[in-house]
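# An overview of the molecular structure
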Amino acid sequence: MISFHPGKTVFFRRCIAIVLIGLVCGGIMILLLSTGLLRGIELKCLDFRFLCRGTIPTNDKIVIIGTDEEALDKIKDPFIFWSPYFADIIKAVAGGGARAMGLDFLQTIALKKKVEGEDLDGIMAEALMEAENVIMINLLRWDNTIGGLKASNPLPRYLYAADPDNIGFSNLTIDNDGCVRRQTLLLNDAESNIYAYIGLKVVAKYFNSHIEKKGDLIFVGDYAIPVNPYNEMLINFAGPSGTFPIISFYKVWQLARQGQTDFFKRNFKDKIVLIGPGNIYSQDFKPTPFYRSQYYTGTRQTLGIEIVANVINTILERSFITSLKLWQTILVILFLGLLTSFTSFKLSPIPGGIVAFAVAAGYANFCIFLFGKYNIHLDMICPLDAIPLTYTAVFTYRYTIEDKEKRRIKRIFKHYVSEEVVEELLKYPGEIPLGGNRVQVTVLFADIRGFTALSEKRDPRQVVSILNSYFAMMADIILKNKGTLDKYIGDGILAFFGAPIAREEHAALAVNSAKEMISMLDILNKELMLDIPLRIGIGIHSGEAVVGNIGSTLKMEYTIIGDTVNTASRVEGLTKEFKANILITEETFSRLKNPDNITPEKEITLRGKTQPIKLYRIEI
């Protein structure tokens, strides 16, 4: 039998199921995480967090001079011949006190031809030598002949004029969907030469510091930049294209030619100045997290020079995006799997689904909050997918295994006990010994007096109607008092208390039922308006009995057998002799805590017994 607390077997079995399902579903998502199949969706989730956060302030030390449409329109020379224009701007900006410059312009063709009597390469080299703080770019391309990266450097004349160390690669790190979200800061070529990204080199020049790699950090002065094993840093984009104001290349060049030194000191002193393509015709632009699609109005792709600015801004502001390590992400997935498994086992499908949705929504909002507030990047997709997967697995398990047993129990007991007791039984299905068990119970046997004579005078349909009304009322009383309705025997009722759920107060419940049955019989008699009112006798006895599924493979019933049942039946038979409505045995009386309105009767030896038993009358 079961008590009001689940037994250890059921409890541990459920605990094991909760843990196993949570771990298995979490393990499936960890496997998917390791394969990278959901990486594309995860990257889109990162973009969504940028959009939720919105733009952030930029460092005022960063200034961009971009080649604009006006310059393309008014400078008639082909772009390849723009070296003198870059040179004028570089000299003026350096004269204005800029601490570092980044030149996103790669010249690999020597212009030996003199144009209008000017040596174009010489003009540019002179400007680079004079400034001393210009970081130029190179490109690292894969070369199949050497099986590695090979650098395409600027003209040696430029390179040595600026200082061979003042060079950084401009290769962007592009994800599979073509979007730039991270940037490689250090790369090795086939000859093991180490190159730094232009943005990192500009920062190093700005702080007059060297670059050093230690573990998963790259140091520039007092700045420690977190990177992954591939030396990649997540770029904390300040906003979409246009977040960093771009000063017109042509206007700056005009001011440089006019010798407007005050303008350059006012706008560029102690600044980082980036010079490069600043118009959409340059083809130097890429999608970033703030860019949605070519059909999304109001947002354009981000220029390469703006990406450099965002890398530098991330470093200067120390606004590094911190990602969880793999083992930490695994713990998050397992935690969500176990949490969902636990709540889903505790709840029915609809409340469980609502809670699972709430957990998923809570985790998603938590990810957005951490990113926007603390620049912490949590994987979202695999942990989130663990929640519906676990929810589905739990309710599949419950339906096929746990609920199968519950459905069987409901099918067996729905005709014997109240809905309340059925629900109580369903909480602990594994504790119900349906095969039979010896238990302490109280048996109630009720019979209508003189019903045979009453039925002979009436139409069979009327007799059935009377019995149905009587049984319905008496059954409701028994079930309300948490009794089990065993069977109807002719006009008699057999019920017992204390099984299938063990209850210490089973004797009191049986006595209360008997009292209510006698009281409600008067109401029934008024409704039926019979010439001879119904009268019943009730016998009650407590003791040990066998309760369980008893029968054959063709027909089986949940019933009670034993001497306790026989004794209750014989005590009921004595009610007519004692002219009593309710008789109980001493075994029942001794279990009552408040034996009110109960008077003792004489001892009597029942048929088939050798020892006399004492009876008690209950007055109504």
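Residues numbered from 1 in each chain as written. Predicted model: local features only at pLDDT ≥ 70, side-chain atom pairs only at ≥ 80, totals over all residues. Heavy atoms only, no water.

For the rest of this paragraph, the subject is the overall build of the protein chain. Counting its regular elements, the protein chain contains 19 helices and 26 strands. Taking all 620 residues of the protein chain together, 50% fall into the buried category. Nonlocal contacts in the protein chain, meaning residues at least 24 apart in sequence, comprise 72% of its contacts between residues at least 6 apart. Summing over all exposed atoms, the protein chain offers an accessible surface of approximately 30400 Å²; the carbon and sulfur share of this is 55%. (Helix = DSSP H or I, 4+ residues; strand = E, 2+ residues; numbered from the N terminus. Buried < 20%, exposed > 50% of the residue type's maximum accessible area, 1.4 Å probe, protein only. Contact = heavy atoms within 4.5 Å. Areas by Shrake-Rupley, 256 points an atom, 1.4 Å probe, with all protein chains shown as cover.)

Now for the pattern of salt bridges. Summed over the entire model, instances satisfying the criterion amount to 20 salt bridges. Between Asp 175 and Arg 181 there is a salt bridge; the shortest N-O distance is 2.9 Å. The residues Asp 175 and Arg 181 share a single accessibility class, namely buried. For the salt bridge of Asp 216 with Lys 325, the shortest nitrogen-to-oxygen distance reads 3.7 Å. Residue Asp 216 is located in the loop between strand E9 (211-214) and strand E10 (217-220), and its partner Lys 325 is located in the loop between strand E17 (322-323) and helix H11 (326-346); the two are separated by 109 residues in the primary sequence. Overall, Asp 216 belongs to the partly exposed group, its relative accessible area being 40%. Taking relative accessible area as the criterion, Lys 325 reaches 45% and is therefore assigned partly exposed. Overlapping salt bridges bring together Arg 39, Lys 44, Asp 47, Asp 175, Asp 177, Arg 181 and Arg 182 as one network. (Salt bridge = Lys/Arg side-chain N within 4 Å of Asp/Glu carboxyl O.)

Let us look at the layout of surface pockets. Of the volumes computed, that of the largest pocket is approximately 1100 Å³. Lining the largest pocket are 30 residues, and of these Arg 182, Asn 228, Ser 323, Leu 324 and Asp 379 lie nearest its centre. Of all the secondary structure elements, the ones that give two or more residues to the lining of the largest pocket are helix H1 (8-35), helix H2 (39-53), strand E12 (232-234), E17 and H11. Sorting elements by how many residues they give to the lining of the largest pocket places H2 first, with four residues. Looking at the lining of the largest pocket, its residues break down into 15 nonpolar, seven polar and eight charged. (1 Å grid on protein atoms, 1.4 Å probe; cavity = no way out; pocket = protein on both sides within 12 Å on 5 of 7 lines; lining within 4 Å. Points joined across faces, edges and corners; volume = space filled by probe spheres on them. Nonpolar A, V, L, I, M, F, W, Y, C, P; charged D, E, K, R; others polar.)

This brings us to the environment of Thr 390. Position of Thr 390 relative to the elements: it lies in helix H13 (residues 381-413). Its relative accessible area of 0% is what places Thr 390 among the buried residues. Remark: the alpha-carbon pair of Thr 390 and Leu 23, spanning 367 residues in sequence, is separated by 9.1 Å. Among all residues touching Thr 390, those that are not within four sequence positions of it are Ile 21, Gly 22, Cys 25, Gly 337, Thr 340 and Ser 341. At 2.6 Å, the side chain of Thr 390 forms a polar contact with the backbone oxygen of Ala 386. (Polar contact = N/O pair within 3.5 Å; in protein donor to acceptor, adjacent residues only side chain to side chain.)

Close inspection of predicted coordinates is inappropriate for parts of the model with low pLDDT. Within the protein chain, residue pLDDT values average 88, and 89% of them lie at 70 or more. Here residues 1-6 scores under 50 on pLDDT; set against residues more than four positions off or in separate chains, the count is 24 contacts. (pLDDT = per-residue confidence, 0-100.)

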